[in-house]
Amino acid sequence: MSVAMKQTVSGRASHSALAAFFCVAAVVAAGPASAGGEPLPSGTSFLTQSLQAQQSDEATNPGMLWISEGALIWQTPDGASGASCATCHGDAGTSMKGVAASYPKVYGKTGELLNLEKRINLCRTSQQNAEPYAYESDPLLALTAFIARQSLGQPINVQIDDASRAFYERGKAMFYRRQGQLNLSCAQCHEALAGKQLRGDTISYGVGNGYPAYRLEWQTLGSLHRRLRSCSYGVRARRFEFGSPEYLSLELFLAVRAQGVPVETPAIRR
Amino acid sequence: MALATARVSMPKEVGKGDIVEIKTLIRHRMETGYRVDSVGKKIARHIVKLLTVTYDGEEIFRMDFTQGVAANPFVAFTTVATQTGELVFVWVDDKGEEVRVVKELTVA
């Protein structure tokens, strides 16, 4: 028994005597905790059946209203260049397929970490000679969601390389750091207690595969950074700006952690 | 409703006498008029008031909305396919702005 106890302590934190007893099995079946194993469950699995049905039907998913707008923006010339997205990228169904599943990404020329929203604005300023969209504005949400929609069902595939490792480490540190007045880390809820109840809701695994998502609480489409700001507010911690380096790094860490989870934009979330 | 987009989902082609299900969505904030902003000032009501649908010129559906309807209203209804024709969907909000969607229904 003492051997078993020691093994448990050296493995994952033990929660009960039962876990200690089955310590060897517990280390093998350490839950859906990424790292080469099963992909984490999507937030959709915690929705009621009717909400899941509403999400998967294009006729009923309210997020599709933004997809329609995004499709329109894709075709509309903008900025001093007089070019639209389609002028260079052609049919989004082919040119943008799988793109969203590989973001956030480090932009080679500047070494900056970019998520899809930032990449779109970079294209607007450097190629279209247009004004960048404000973060969380409807056109940026619409275009981001429209591009992400082209990766529907594709597994998230974000790799860490030399350029992105520092960002990844920063995001990881933020995920495991206790913060705010409630002194909670992201991991305490979204890793240790994921799948359990928090008052009336089920705690998700912190997978951003459905964003920009239509949150019922917002009654509108919103970005992942808006969701992260809600989480920061929830633990009474500092809310970082939309598109801030802190949330970008965290977004990268979450994406790497969500390896293999299919893209579901625009998802419905509670 | 400058930025409003609306979506209508229905089959393109149906048989004569078939029951056709039509699903509509419109983007609208549906501000109730009961809320106040951060300094306590009342936020003016701004809702979709009316949806009318005509089929080949004849009105087949009409709905009055109230403040109780959530943002981005979804409305579904059915009609009987009688002849090939245009369905015209018109939403009007309480500022008088109008969104119009036209769909062709082919009856074989």
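Cut-off values and rules
Residues numbered from 1 in each chain as written. Chains lettered and ligands numbered in written order. Predicted model: local features only at pLDDT ≥ 70, side-chain atom pairs only at ≥ 80, totals over all residues. Heavy atoms only, no water. Phe/Tyr/Trp six-rings, centres within 6.5 Å; stacked < 30°, edge-to-face > 60°. Helix = DSSP H or I, 4+ residues; strand = E, 2+ residues; numbered from the N terminus. Buried < 20%, exposed > 50% of the residue type's maximum accessible area, 1.4 Å probe, protein only. Lys NZ or Arg CZ within 6 Å of the ring centre and 35° of its normal. Arc of directions from axis to C-beta. Contact = heavy atoms within 4.5 Å. Core = buried A, V, L, I, M, F, W, Y, C linked by side-chain atoms within 4.5 Å. Buried area = accessible area lost by both parts, 1.4 Å probe. Salt bridge = Lys/Arg side-chain N within 4 Å of Asp/Glu carboxyl O. Nonpolar A, V, L, I, M, F, W, Y, C, P; charged D, E, K, R; others polar. Expected span 1.5 Å × (residues − 1).

**As for the packing of aromatic side chains**
Any two aromatic rings considered together are summarised by their centre-to-centre distance and by the angle between their planes. All names here are of chain A. Throughout the structure, instances matching the rule amount to 11 aromatic pairs over all chains. A centroid spacing of 6.1 Å and a plane angle of 15 degrees characterise the contact between F46 and Y205, whose relative ring orientation is stacked. Highlighted residues: F46 in the loop between α3 (23-28) and α4 (49-56) and Y205 in the loop between β4 (201-202) and β5 (213-215), separated in sequence by 159 residues. Seen from their ring centres, F240 and Y247 are 5.5 Å apart, and the 90 degrees between their planes marks the pair as edge-to-face. With respect to class, F240 is no different from Y247; both count as buried. Sitting over the ring of W218, R226 keeps its end group 4.3 Å from the ring centre.

**Overview of helix α12 (residues 224-234) of chain A**
All names here are of chain A. Those residues of α12 not exposed but buried are L224, H225, L228, R229 and S232. The buried side chains of α12 occupy one side of the element, clustering within an arc of 140 degrees when seen end-on. Buried residues in α12 make contact with β6 (220-222) and α13 (245-257). Phi turns positive, to about 55 degrees, at R236, one or two residues after α12.

**Section: the nonpolar core**
All names here are of chain A. Counting 33 residues, the largest nonpolar core has I156, F175, L250 and L252 as its most contacted members. Looking at this core, the elements with two or more residues in it are α10 (165-176), α11 (186-190), α12 and α13. Once residues lying within four places of it in the same chain are set aside, the contact partners of I156 are A101, N209, A255, A258, Q259, G260, V261 and V263. Within the second largest apolar cluster, 26 residues are counted, among which are M64, C85, F146 and A148.

**Quick word on the interface of chain A and chain B**
The interface is formed by 14 residues belonging to chain A together with 13 residues belonging to chain B. Between chain A and chain B the total buried area reaches about 1200 Å² when both faces are included, carbon and sulfur atoms providing 56% of it. Three residues, A:A59, A:L65 and A:Q219, lead the burial of chain A against chain B; their summed loss comes to 45% of the area buried on that side. The tally of links from chain A across to chain B stands at three salt bridges. Of the charged contacts, one joins A:E69 and B:R27 as a salt bridge, the two residues approaching to 2.6 Å between their closest N and O atoms. Among the elements that line the side of chain A that touches chain B, the one with the most residues is helix α5 (residues 64-75) of chain A, at five residues. Along the lines of polarity and charge, the residues of the side of chain A that touches chain B split into six nonpolar, four polar and four charged.

**Comments concerning α10(A)**
Compared with an ideal rise of 1.5 Å per residue, which puts 12 residues at 16 Å, α10(A) spans 17 Å between its outermost C-alpha atoms and is within 8% of the ideal. Buried-residue contacts for α10(A) involve β1 (105-107), β2 (112-114), α11 and α13 of chain A.

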